[in-house]
There are 4 protein chains.
Amino acid sequence: MSRITKSEIAEIVAEALPFAASLDPKIVRLKAGDVTVRMPFRPDFIRPGGTIAGPLMMGLADFTMYVCVMSLIGRVELAVTTSLNINFLRKPAQRDMLAHGTMLKLGKRLAVMEVSLYSAGDKEPVAHVTGTYSIPPRG
Amino acid sequence: MSRITKSEIAEIVAEALPFAASLDPKIVRLKAGDVTVRMPFRPDFIRPGGTIAGPLMMGLADFTMYVCVMSLIGRVELAVTTSLNINFLRKPAQRDMLAHGTMLKLGKRLAVMEVSLYSAGDKEPVAHVTGTYSIPPRG
Amino acid sequence: MSRITKSEIAEIVAEALPFAASLDPKIVRLKAGDVTVRMPFRPDFIRPGGTIAGPLMMGLADFTMYVCVMSLIGRVELAVTTSLNINFLRKPAQRDMLAHGTMLKLGKRLAVMEVSLYSAGDKEPVAHVTGTYSIPPRG
Amino acid sequence: MSRITKSEIAEIVAEALPFAASLDPKIVRLKAGDVTVRMPFRPDFIRPGGTIAGPLMMGLADFTMYVCVMSLIGRVELAVTTSLNINFLRKPAQRDMLAHGTMLKLGKRLAVMEVSLYSAGDKEPVAHVTGTYSIPPRG
């Protein structure tokens, strides 16, 4: 069971994460170490070629990892990205995007996660991400 | 000498890159394969801990790579990110950010680049990025 | 069904891949886009801390990706690594290592794969890899 | 000035790093956070296409990072790779390979480095690597 709730996440987004808020993310699945986030499509997400701008996909993946970390360790808002690696696999559709993140390894100081991104309704991922979050020492 | 001009870049940003436009990027250096972009600081770029949101830094690096590719091959707007890897090194200051991108290898179909991100005025990079862009076949 | 056989792979390893041969790899699963390779443990694989040397794990993952590509496109020996990203997750045991590789996206010129490495018998991966292979144009 | 000497490194390689020893590495430059290692060419380093096997290049880069870390923190043999990202840029020549590694950020627990690999005598790198090493807590 997740150690953070959907409404705590909504609070953090509204109060402290203006960039994530601009993606208007919806938490569709929230279990310990297993999280899915939906990013509703908007026409201003597009770039030449009709594909969704890469940084928005990276932002969605990064937010998903942040939620995934907190689903396991609770409301540690100061957890922060230390690295991210993304492979863009297929051209996304002009539809909502789903990000499914899972914890690969949760250590005391570093969490390593994997996120797959999908155009809503499609089986094959449009991008694959691995990343690490640093967990600050807690008193 | 760059094969694309500052005003062509401004045109593309204004007409086709709403996300990049939201960063309000300024091209401060534009040579063939050697590009520097400045992202002016805004308070809504911040996240918990007072650091600049990672996806904005990734977006700045990605835009810098796009400009870097076009500085060498001209106005090929359909060039698109295939992969990106970022290591966050130091906490950025609440100041403008500079991204310095250089071409590591320009092939016929794939361009590999390196981007270092700095808080304006600081010597040590706040993040280091490598990434690849796919170059579409041209008639 | 794999487009390359175990004995063709053994041939390539013996004739043209001295480094891979030094790992003494055994193909334990060979399906189209879904491959498992076992690397038998040897005491000279160890480094300080009693863990298996990182480059051997990277070599096992890289070989697994090579086999995975050929399981889908046939005996294209000139397919070559263009990038690899590895996260080391847990300390491996001093036992055989298994590498399970799957195809994330097979394009005309680029194949993107994912490989998870395990100490034989353990459920949790010791490392996670994503990588890309370049597929040469074929007449 | 490096906090470890060439002969201490040779000792570690001979006693505890059989894989690195198999590359027969020579330290050609050893300054604090700035290291160059040469890997002499051997015919059994080759793979199809006449290029040097990727894992050997990864091994050379990984060893260079290990030396780079110790050049700054001293003989901490238990420092270990946590992640590595490599982009293969150009086909190496059948010659010695040089790896030039520099420290991007040395933290208390994590060191982030960059390594460029060259065929001896050539200006353009054949591969570019970034990686992280974990530094164990010390009493």
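Structure's up top.
Residues numbered from 1 in each chain as written. Chains lettered and ligands numbered in written order. Predicted model: local features only at pLDDT ≥ 70, side-chain atom pairs only at ≥ 80, totals over all residues. Heavy atoms only, no water.

Enquirer: Before we move on, can you summarise the interface of chain A and chain B with the specific residues and values?
Expert: Residue-level contacts link 29 residues of chain A with 29 residues of chain B. Together chain A and chain B conceal approximately 2300 Å² of surface at their shared face, both sides included; 65% is due to carbon and sulfur atoms. The largest per-residue losses of area from chain A upon contact with chain B belong to Phe19(A), Arg47(A) and Pro48(A), which jointly make up 24% of the total buried on that side. Counting every contact that joins chain A to chain B gives 0 salt bridges. Seen at the junction of chain A and chain B, the total is 8 residue pairs in polar contact (both at pLDDT 80 or more). Those elements that place two or more of their residues in the side of chain A that touches chain B are helix H2 (18–22), strand S3 (46–47), helix H3 (54–73) and strand S5 (80–88) of chain A. Here the element with the most residues in the side of chain A that touches chain B is S5(A); it accounts for 9 residues. Residues that form the side of chain A that touches chain B fall into these classes: 17 nonpolar, 8 polar and 4 charged. Looking at chain direction, S5(A) and strand S5 (residues 80–88) of chain B are connected through 5 bridges and run antiparallel. In the strand pairing of S5(B), Leu84(A) is matched with Ile86(B). (Contact = heavy atoms within 4.5 Å. Buried area = accessible area lost by both parts, 1.4 Å probe. Salt bridge = Lys/Arg side-chain N within 4 Å of Asp/Glu carboxyl O. Polar contact = N/O pair within 3.5 Å; in protein donor to acceptor, adjacent residues only side chain to side chain. Helix = DSSP H or I, 4+ residues; strand = E, 2+ residues; numbered from the N terminus. Nonpolar A, V, L, I, M, F, W, Y, C, P; charged D, E, K, R; others polar. Pairing = 2+ DSSP bridges.)

Enquirer: Explain the packing of helix H1 (residues 6–16) of chain C against helix H3 (residues 54–73) of chain C to me, using residue names and the numbers behind them.
Expert: Residues and elements named next belong to chain C. As a packed pair, H1 and H3 sit with axes 12 Å apart at the nearest point and diverge in direction by 135°. Taken as axis vectors, H1 and H3 run oblique relative to one another. You can see that H1 and H3 cross each other, and the crossing is right-handed. Of H3, the residues touching H1 (which contributes Ile-9, Ile-12 and Val-13) are Phe-63, Tyr-66, Val-67 and Met-70. Classifying every residue of the contact of H1 with H3 by side-chain character gives 7 nonpolar, no polar and no charged. (Axes fitted to C-alpha atoms, helices over the stretch in contact; angles between N-to-C directions. Parallel < 35°, antiparallel > 145°, perpendicular 65-115°, else oblique. Left-handed = near helix turned anticlockwise from the far one by under 90°.)

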